[in-house]
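Examining the three-dimensional arrangement
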Amino acid sequence: MAQLYFKYGTMNSGKSIEILKVAHNYEEQGKPVLLMTSSLDTRAGVGTVASRIGMHETAVAISDKMDVYAYVANLAEQPYCVLIDEAQFLSKQNVYDFARVVDELGVPVMAFGLKNDFRNELFEGSQYLLLLADKIEEIKTICWYCSKKATMVIRTIDGKPVYEGEQLQIGGNETYIPVCRKHYFKPEL
């Protein structure tokens, strides 16, 4: 039975490498997957799922206006699974469309992304995935400063933490640090 999965973690928790691993495992068995990612993440180029360890694959770029249900429904060959990277950037409608892919087309959908932003607020895509997902799983990593589980991220500018600003600022290690709750409130920068 197809299900909607949301696998979330902080920056540097290995979400992108996990999605590439899942895609590889399906494809190695001759089962085609549909790899998708947000069009907002341009770090490795639009429509690219890339991990920090250097692995990358081409993906379909999702915009907030894209009818993802129609896209999947109209494919010549239905995939065994839809894999989505940077799912936090999905719109509410995108998430509802993916739920329809599961319920009406019988295709499992695995969405990977951040749960909360640097202000410790939910992203729109994450909010609706938390509401609609059949299965929710945390991908864990450790705090930059201690060995506790990282559950939040700090945005930095010139090495100093910031807690206000626009939610969307694409970046990696140069901008974001995974931290535990204690170090979110009292970072040791």
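Structure: see above.
Residues numbered from 1 in each chain as written. Predicted model: local features only at pLDDT ≥ 70, side-chain atom pairs only at ≥ 80, totals over all residues. Heavy atoms only, no water.

1. Examining the packing of helix H3 (residues 92–105) against helix H4 (residues 124–132)
Put simply, the test is: Lines fitted to C-alpha atoms define the axes here, with helix axes fitted over just the stretch in contact, and angles between the N-to-C directions of these axes take values from 0 to 180 degrees. Strands here are runs of E lasting at least two residues and helices are runs of H or I lasting at least four, both read from the DSSP assignment and numbered beginning at the N terminus. With the far helix as reference, a near helix turned anticlockwise by less than a right angle produces a left-handed crossing, and one turned clockwise produces a right-handed crossing. Note on contacts: a residue pair is in contact if any heavy atoms of the two residues lie within 4.5 Å. Put simply, Ala, Val, Leu, Ile, Met, Phe, Trp, Tyr, Cys and Pro go in the nonpolar bin, Asp, Glu, Lys and Arg in the charged bin, and everything else, Gly too, in the polar bin.
Two numbers describe how H3 lies on H4: the axes approach to 8 Å, and their chain directions differ by 35°. H3 and H4 meet at a crossing whose hand is right-handed. Judged by residue contacts, Lys 92, Val 95, Tyr 96 and Ala 99 of H3 engage Glu 124, Gly 125, Tyr 128, Leu 129 and Leu 132 from H4. Each residue belonging to the contact of H3 with H4 can be placed in one class, and the counts come to six nonpolar, one polar and two charged.

2. Looking at the packing of aromatic side chains
Inclusion rule: Two aromatic rings, drawn from Phe, Tyr or Trp (for Trp, its six-membered ring), form a pair once their centres lie within 6.5 Å of each other, and the interplanar angle then sorts them: stacked below 30 degrees, edge-to-face above 60, tilted otherwise. Only protein chains enter the accessibility calculation, which uses a 1.4 Å probe. A residue is then buried if its area is under 20% of the maximum for its type, exposed if over 50%, and partly exposed in between. Whether a charge sits over a ring depends on NZ of Lys or CZ of Arg being within 6 Å of the ring centre and within 35 degrees of the ring normal.
All told, the structure shown has four aromatic pairs when counted by the stated rule. Their ring planes at 35° and their centres at 5.8 Å tell us that Phe 6 and Tyr 8 sit as a pair that is tilted. The pair Phe 6 / Tyr 8 is uniform in exposure class, with both members buried. An angle of 90° between the planes, with centres 5.1 Å apart, marks the rings of Tyr 184 and Phe 185 as edge-to-face. Given a relative accessible area of 5%, Tyr 184 falls into the buried group. The ring of Tyr 69 has Arg 100 sitting right over it, with the charged end atom 3.7 Å from the ring centre. Stacked on the ring of Phe 118, the Lys or Arg Arg 155 has its end atom at 3.7 Å from the ring centre.

3. What to know about the pairing of strand E11 (residues 176–179)
Worth spelling out the cut-off: Note on pairing: two strands pair once DSSP finds at least 2 bridges between them.
On E11, burial covers both faces: Tyr 176 and Pro 178 on one face and Ile 177 and Val 179 on the other are all buried. Of the pairings in the sheet, the one linking strand E9 (residues 152–157) to E11 comprises four bridges and is antiparallel in character. Bridge pairing in E11 links Met 152 to Val 179.

4. Quick notes on the nonpolar core
Using the following cut-off: Note on terminology: a nonpolar core comprises buried Ala, Val, Leu, Ile, Met, Phe, Trp, Tyr and Cys residues joined through side-chain atoms within 4.5 Å.
Of all hydrophobic cores here, the largest spans 27 residues; its most connected members are Met 36, Val 82, Ile 84 and Phe 98. If you list the elements that add at least two residues to this core, you get strand E1 (4–8), strand E2 (33–38), strand E5 (60–62), helix H2 (68–73), strand E6 (81–85), H3, strand E7 (109–113) and H4. With five residues, H3 is the largest single contributor of residues to this core. Leave out the neighbours within four places in its chain, and Phe 98 touches Met 36, Ile 62, Val 68, Val 82, Ile 84, Leu 90 and Val 109. Membership of the second largest hydrophobic core comes to 13 residues, among which are Ile 19, Val 22, Cys 81 and Leu 83.

5. Observations regarding H3
In plain terms, the rule: The span expected for a helix works out to 1.5 Å for each residue beyond the first.
If you check H3, its first and last C-alpha atoms are 19 Å apart, about what 14 residues at 1.5 Å a residue would give, namely 20 Å. Of all the residues in H3, the buried ones are Asn 94, Val 95, Asp 97, Phe 98, Ala 99, Val 101 and Val 102. Phi turns positive, to about 70°, at Gly 106, one or two residues after H3.

6. Let's talk about the sheet that holds strand E10 (residues 160–162)
A sheet is described by the order of its strands in space; here three strands give the open sequence E10-E9-E11, paired in antiparallel fashion. For this open sheet the edge positions go to E10 and E11, each flanked by a neighbour on one side alone. Neighbour-to-neighbour, the strand axes of this sheet turn through a mean angle of 45°, independent of strand direction.

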